[in-house]
Amino acid sequence: MQLVIFFLMILTHTYADYPALKAVLSEKGLRDVSQMMAVWIQNKLKSTEFPEVRGGVDIGIGTVNYVISNMQVVQCSMSGQSMEFKQGTGVSVEVSQLSLAITGSWATQFGIIHDGGSFDLAVYNININTLLGLGDEAGRLSITTISCSDDIGGVHIQFHGGASFFFEPFVSTFQGKISEMIHVRICPAIQQAISKLEMNLQKMPVSIPVDQYIYLSILFTSSPAVTDRSIELDIKGEFYSKSFPSEAPFSASAFDIKYAENYMLSLAASEFFVNSAAYAYLSSEVLQINITDNMIPKSFPFHLNTSQFGVFIPQLRTLYPNMEMQVLLYASKTPLFSFSSGVIDFQLPGAAKFSVVKPDGTLVPLFRLDVDSSFSGSALIDNKHLTGVFKMKNLTLTVGSSEIGDFKTAMLEQMLVIAVNRFVLPKLNDYLKTGFLLPTLHNFSLINSKLLIKNGFVVIFTDVEDSWAVSTKT
């Protein structure tokens with residue numbers, strides 16, 4: 001059942017024209033969920049409370065009153081369980097040949113004579129059929145019990161202690177009462193658990209914080225699409241700035257994925273998903289950095305001072321001889337990703353404001369350079385890590401504004417291209433070679449994962465592993 005919750009918890013928030021995220025659970029995934037659902041049902045039955053059973057037996061010379069109490073399920077097993085998609089509705093859950101072992105206490109009273117002891121009860125061949133409906137409620141997942149039925153194959157009871165032999169003629173009476181008592185509690189227990197799950201789903205937060213700057217909205221854009229072989233969930237998947245929340249100036253586009261039968265889960269994200277994150281960071285005013293000369297490695301052939309920049313801009317040596325410089329580097333527009341078959345393209349429009357640092361620490365504006373750059377790369381999943389590599393496609397440098405007059409940028413542009421290719425990209429690619437560990441959510445991790453880059457979106461085909469269960473085996 002934990003996997004059910006894991007799968008559902010990635011699905012909650014408002015409506016958009018098209019989803020930026022899609023999740024598809026296959027029949028293979030449902031089989032794994034089925035095994036966990038069976039464990040969940042057993043646990044629910046183990047925690048079921050049974051009331052006392054009171055009655056009386058006429059023995060000809062009077063009535064013997066009895067009480068059967070303290071009934072507890074001590075063992076629960078089943079030999080068959082299955083879950084199937086029901087097109088347009090949800091999921092059917094079938095449990096067969098479920099058996100329960102129950103212990104309890106018995107007590108009798110006949111006039112002033114009291115007696116008591118214990119008993120063992122076996123309930124076998126219980127079959128349960130439940131149909132669960134999946135929908136959405138204001139962008140959140142909704143789960144309801146459409147139908148539930150059960151039947152009990154047989155009951156065997158054995159009394160111990162005291163004058164337990166006295167009960168032997170009446171065993172069939174007790175078995176019938178206890179069988180009916182268990183029968184009328186199975187479906188209500190399941191319905192109560194599903195209702196509790198539904199309440200928890202409706203209480204889930206409407207946003208997922210990513211860091212101190214942005215959060216992610218993951219509301220449904222439509223009701224779950226259930227076929228006879230899969231269930232698809234369409235999710236808004238838009239990032240927002242915490243300090244300046246606003247809709248991105250671009251919209252999501254439609255895309256479709258075909259799930260892979262050999263994988264439990266298919267997860268897809270469109271260009272809008274990552275680009276909305278870039279816009280949210282831009283709105284949060286964090287895509288900027290102040291660069292000073294002490295941040296540049298001493299081995300770097302070029303440093304932030306007017307003497308060296310005077311090679312490219314002669315008037316700097318005259319106006320501000322031998323003085324340190326500082327650069328405010330920032331994204332001037334939203335950085336944009338685009339996906340095509342096997343390739344990730346990245347456009348980074350930026351600007352760099354240069355200032356001279358006076359001896360008293362004050363800054364004097366010099367000029368602004370507009371930097372338009374583009375990169376291309378690829379990504380794959382290697383041993384549970386998302387890895388990648390990028391290369392430069394283009395970089396152009398132009399003067400946006402100047403406080404020191406006109407100057408040429410050709411040599412500066414050439415120097416910047418060399419710096420990015422020799423210093424920036426190698427470090428970035430070394431980092432991407434190690435990659436990012438695929439996330440673990442609620443003790444579940446992605447395994448046997450495969451990433452494909454399609455036109456307009458990326459998709460991960462993956463299986464899911466219960467990390468906690470694995471750790472307990474080792």
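Thresholds applied
- Residues numbered from 1 in each chain as written.
- Predicted model: local features only at pLDDT ≥ 70, side-chain atom pairs only at ≥ 80, totals over all residues.
- Heavy atoms only, no water.
- UniProt positions renumbered as here; feature names shortened; annotations may be inferred.
- Helix = DSSP H or I, 4+ residues; strand = E, 2+ residues; numbered from the N terminus.
- Rg over C-alpha atoms; globule rule 2.2 N^0.38 Å.
- Buried < 20%, exposed > 50% of the residue type's maximum accessible area, 1.4 Å probe, protein only.
- Contact = heavy atoms within 4.5 Å.
- Lys, Arg positive; Asp, Glu negative; His and termini not counted.
- Charge placed at Lys NZ, Arg CZ, Asp CG, Glu CD.
- Phe/Tyr/Trp six-rings, centres within 6.5 Å; stacked < 30°, edge-to-face > 60°.
- Lys NZ or Arg CZ within 6 Å of the ring centre and 35° of its normal.
- Pairing = 2+ DSSP bridges.
- Disulfide = S-S within 2.5 Å.
- Axes fitted to C-alpha atoms, helices over the stretch in contact; angles between N-to-C directions.
- Core = buried A, V, L, I, M, F, W, Y, C linked by side-chain atoms within 4.5 Å.
- Salt bridge = Lys/Arg side-chain N within 4 Å of Asp/Glu carboxyl O.
- Expected span 1.5 Å × (residues − 1).
- Bend = angle between axes of the 7 residues up to and from the residue.
- Patch = residues over 30% accessible without salt bridge, like charges linked within 9 Å, V, L, I, M, F, W, Y side chains within 5 Å.
- Areas by Shrake-Rupley, 256 points an atom, 1.4 Å probe, with all protein chains shown as cover.

As annotated in an unreviewed UniProt entry, the protein chain is Bactericidal permeability-increasing protein from Cyprinus carpio carpio. On record in UniProt, under Sequence similarities (unreviewed entry), the comment for the protein chain is "Belongs to the BPI/LBP/Plunc superfamily. BPI/LBP family."

**Q** Just to check I follow, could you spell out the overall build of the protein chain for this structure?
**A** Of the regular secondary structure elements, the protein chain holds eight helices and 22 strands. For the protein chain, whose C-alpha radius of gyration is 34 Å, the value lies well above the compact-globule estimate of 23 Å for 474 residues. The principal-axis extent of the C-alpha atoms belonging to the protein chain is close to 125 × 45 × 40 Å. The buried share among the 474 residues of the protein chain stands at 45%. For the protein chain, the share of sequence-separated contacts (at least 6 apart) that also reach a separation of at least 24 residues comes to 67%. Between the mean site of the 32 positive side-chain charges and the mean site of the 41 negative ones, the protein chain shows a separation of 8 Å.

**Q** What is the right way to read the packing of aromatic side chains from this model?
**A** Any two aromatic rings considered together are summarised by their centre-to-centre distance and by the angle between their planes. Evaluation of the coordinates by the stated rule reveals 14 aromatic pairs. With a centroid separation of 6.5 Å and an interplanar angle of 90 degrees, the aromatic rings of W106 and F159 are classed as edge-to-face. Of the two residues, W106 sits in strand β4 (residues 90–110) while F159 sits in strand β6 (residues 140–160), which places them 53 residues apart along the sequence. Classification of W106 as buried rests on a relative accessible area of 4%. Among the aromatic residues, ring-to-ring pairing joins F309, F354, F367 and F407 into one connected group. A cation sits over an aromatic face here: K22 above F255, 5.4 Å from the ring centre.

**Q** What is the right way to read the pairing of strand β21 (residues 444–454) from this model?
**A** Both faces of the sheet carry side chains from a regular strand, because those side chains alternate between them. Relative to strand β22 (residues 457–466), β21 runs antiparallel, the two sharing nine bridges. The partner of L451 across the bridge, within β22, is I460. Linking two consecutive strands that pair antiparallel, namely β21 and β22, is a turn of two residues; a positive phi of about 95 degrees is found at G456 within it.

**Q** Any chance you could explain the state of the cysteines here in plain terms?
**A** Two cysteines joined by a covalent bond between their sulfur atoms form a disulfide. Considering all chains together, one arrives at one disulfide under this definition. The residue that forms a disulfide with C148 is C187, at a sulfur-sulfur distance of 2.1 Å. Looking along the S-S bond of the C148-C187 disulfide, the torsion reads about -85 degrees, which is the left-handed sense. In this pair, C148 is assigned in strand β6 and C187 in helix α3 (residues 171–202), connecting sequence segments 39 residues apart.

**Q** I tried to follow the sheet that holds strand β8 (residues 214–217) on my own but got confused; where do I start?
**A** Hydrogen bonding along the main chain pairs the strands of a sheet, whether they run parallel or antiparallel. Taken in spatial order, the three strands of this open sheet run β7-β8-β11, and their pairing is antiparallel. Since the sheet does not close on itself, it has two edges, and those belong to β7 (208–209) and β11 (238–241), each with one partner. The pairing of β8 with β11 spans four bridges and is antiparallel. What sits directly across from I214, in β11, is S241. Sitting on the sheet, helix α4 (residues 271–283) is in contact with β8 and β11, with an inclination near 0 degrees to β11.

**Q** For this particular structure, what's the right way to read the nonpolar core?
**A** Membership of the largest hydrophobic core comes to 113 residues, with the highest contact counts inside it found for L100, I102, L121, V123, I182, F354 and F367. With ten residues, α3 is the single largest residue contributor to this core. The residues touching F354, leaving out its near neighbours within four places in the chain, are L304, F309, M325, Q326, V327, V364, P365, L366, F367 and L369. By size, the runner-up hydrophobic cluster in this structure holds nine residues, among which are A268, F457, V459 and F461.

**Q** Hey, could you run me through the pattern of salt bridges in this one?
**A** It is possible for side chains bearing opposite charge to pair when their charged atoms get close. Under the definition given, this model contains twelve salt bridges. Between E232 and K22 there is a salt bridge, with the nearest N and O atoms lying 3.0 Å from each other. Residue E232 is found in strand β10 (residues 230–235), and its partner K22 is found in strand β1 (residues 21–26); the two are separated by 210 residues along the sequence. Of the charged contacts, one joins D370 and R368 as a salt bridge, the two residues approaching to 3.0 Å between their closest N and O atoms. In this structure D370 comes out as partly exposed when scored by relative accessible area, which is 22%. Look at the salt bridges and you will find they share partners, linking K22, E232 and D234 into a network.

**Q** In this structure, what is going on with helix α7 (residues 410–434)? I would like to understand it.
**A** Since the α-helix advances by 3.6 residues per turn, residues separated by three or four positions end up pointing in the same direction. Helix length check: α7, at 25 residues, gives a terminal C-alpha distance of 35 Å against a target of 36 Å (1.5 Å per residue), a fit within 8%. Residue V420 marks the point of greatest curvature in α7, where the axis turns by about 40 degrees. Taken together, the buried positions of α7 are occupied by L412, A419, V420, L425, N429 and L432. Turning to α7, the residues buried within the fold contact α5 (306–309), β17 (363–382), β18 (385–402) and β19 (436–437). Phi turns positive, to about 80 degrees, at G435, one or two residues after α7.

**Q** I tried to follow a nonpolar patch on the surface on my own but got confused; where do I start?
**A** Together, I289, M295 and L329 give the surface a local cluster of nonpolar side chains, amounting to about 250 Å² of exposed area. The residue M295 is located in the loop between β13 (288–292) and α5 in this model.

**Q** Just to check I follow, could you spell out α4 for this structure?
**A** With 13 residues, α4 should cover 18 Å at 1.5 Å per step; its first-to-last C-alpha distance of 18 Å lies within 8% of that length. Buried within α4 are the following residues: F272, F273, N275, S276, A277, A278, Y279, A280 and S283. Once α4 finishes, E285 follows within two positions and takes phi at roughly 60 degrees, a positive value.

**Q** Teacher, can you tell me more about the environment of G88 here?
**A** The topology assignment puts G88 in the loop between β3 (63–86) and β4. The class of G88 is exposed, set by a relative accessible area of 67%. Spatially, the C-alpha atoms of G88 and F250 are 32 Å apart, while their sequence positions differ by 162 residues.

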